[in-house]
Every structure is written in C-alpha cells, then in structure tokens.
Amino acid sequence: MRNSVLPCVVVVVVLSAVPAIFGAGLECINKNSDGPSATNYATCPTGYTVTGCSCGMACGSYSIQEVGDGRTRCFCHTGCPGGNPIDWTLARCCKVDIPTYC
C-alpha cells in the first residue's frame, strides 16, 4: 500500500519555506476602530496577524497583543498629550495564503 500522506507533508513544508516560487501570497487587510464609539484597539480576524499599527491624535505609542483566542490586536496606549482621547486605531492584518495541492 502506498503512503500518500508523506508527499503532502513535503509539499506543505516546501511551500512554507519558499512561498513566492509556488504561488503562495501575502494577503493583508486593515481593521480599524473610529468614529464616536472608537476604542483604543483594533483586532485582526482569526487567521491574520497584526503586522503594523497606527493610533489617532498622534499618540504614537502602541503594542501588539494576543487576545487569547488566537487573534492579535493593535493596542494604542492612552494618555495623549493634552489629555485628548484616541479618536481612531488601525491594525494592518496579514496572513500567508498557501495553496493546497493535496
């Protein structure tokens, strides 16, 4: 009997190592919180990871945090100069899209 699992494992490992050669791509989206109900965090959906953050009111201080359910978020620290509240938060969320060959 032929073992068909091993070739699939090898393909996945190779695709993970050299994504551009095998058609894998980087898929990115923006998630934001703004408007009257803006919070000081923006959370990426499941499967995506925060790769960049931006905070309103030019606060410039943020951290990337694990939410606890496999997601990550951009968390803007409060305490802007002049006591102004953060009026928006943006997270750049990306994932590697690896095509399935098995």
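In this report, we go over the structure that sits alongside the text. Each chain has its residues counted from 1, following the order in which its sequence is written. Only residues with pLDDT of at least 70 get local features here, since the model is predicted, and only at 80 or more are side-chain atom pairs given and counted; chain-wide, interface and lining totals rely on the full set of residues. To obtain the side-chain values, all non-hydrogen atoms of the structure were used and water was disregarded.

## Description of the state of the cysteines
As used in these notes, a disulfide is a covalent bond between sulfur atoms, one from each of two cysteines.
At step 1: Put simply, a disulfide is two cysteine sulfurs that come within 2.5 Å. Overall, the coordinates contain four disulfides when judged by the stated rule.
At step 2: Sulfur-sulfur distance for the disulfide between Cys-28 and Cys-94 comes to 2.1 Å. Note on the Cys-28 and Cys-94 pair: the S-S dihedral is about 110°, so by sign convention the disulfide is right-handed. Here Cys-28 is found in strand S1 (residues 25-34), whereas its partner Cys-94 is found in strand S6 (residues 88-97), with 66 residues between them in sequence.
At step 3: Only protein chains enter the accessibility calculation, which uses a 1.4 Å probe; a residue is then buried when its area is under 20% of its type maximum, exposed when over 50%, and partly exposed in between. Classification of Cys-28 by relative accessible area gives partly exposed; the value is 25%.
At step 4: Note that Cys-53 is cross-linked by a disulfide to Cys-74, the S-S spacing being 2.4 Å. In this pair, Cys-53 is assigned in strand S3 (residues 49-55) and Cys-74 in strand S5 (residues 72-76), connecting sequence segments 21 residues apart. Segments assigned H or I by DSSP are reported as helices when at least four residues long, segments assigned E as strands when at least two residues long, and all are numbered from the N terminus.

## Observations regarding the sheet that holds S5
At step 1: Two strands are counted as paired when DSSP detects at least two bridges linking them. Pairing is antiparallel across the open sheet formed by three strands, whose spatial order is S2-S5-S4. With partners counted over all chains shown, the strands left at the sheet margins are strand S2 (41-43) and strand S4 (62-66), one partner each. On average, each strand axis in the sheet is tilted by 20° relative to the strand beside it, whichever way the strands run.
At step 2: Summarising the sheet, S4 and S5 pair through five bridges and their orientation is antiparallel. What sits directly across from Ile-64, in S5, is Cys-74. Working convention: axes come from line fits to C-alpha atoms, limited for helices to the stretch in contact. Angles between N-to-C directions cover 0 to 180 degrees.

## Digging into the sheet that holds S3
At step 1: Taken in spatial order, the three strands line up as S1-S6-S3 in an open sheet, and their pairing is antiparallel. Single-partner strands in this sheet number two, and they are S1 and S3. Going from strand to strand, the sheet's axes swing by 20° on average, the running direction of each strand aside.
At step 2: Bridge count for S1 against S6 is ten bridges, and the pairing is antiparallel. What sits directly across from Cys-28, in S6, is Cys-94.

## Quick notes on the packing of aromatic side chains
At step 1: Between 30 and 60 degrees the pair is tilted, below 30 it is stacked and above 60 it is edge-to-face, where a pair is any two Phe, Tyr or Trp rings, Trp via its six-membered ring, whose centres lie within 6.5 Å. Evaluated as defined, the whole model comprises zero aromatic pairs.
At step 2: Both a distance and an angle decide whether a charge sits over a ring: NZ of Lys or CZ of Arg must be within 6 Å of the ring centre and within 35 degrees of the ring normal. The ring of Tyr-41 carries the charged tip of Arg-73 above its face, separated from the ring centre by 4.7 Å.

## Notes on the environment of Cys-94
At step 1: On the basis of relative accessibility, which here comes to 9%, the residue Cys-94 falls in the buried class.
At step 2: For the pair Cys-94 and Ile-29, spaced 65 residues apart in the sequence, the C-alpha separation amounts to 6.4 Å.
At step 3: Residues count as neighbours in contact if any of their non-hydrogen atoms are within 4.5 Å of one another. Here Cys-94 is in contact with Leu-26, Glu-27, Cys-28, Gly-47, Tyr-48, Thr-49 and Thr-51, once residues within four sequence places are set aside.

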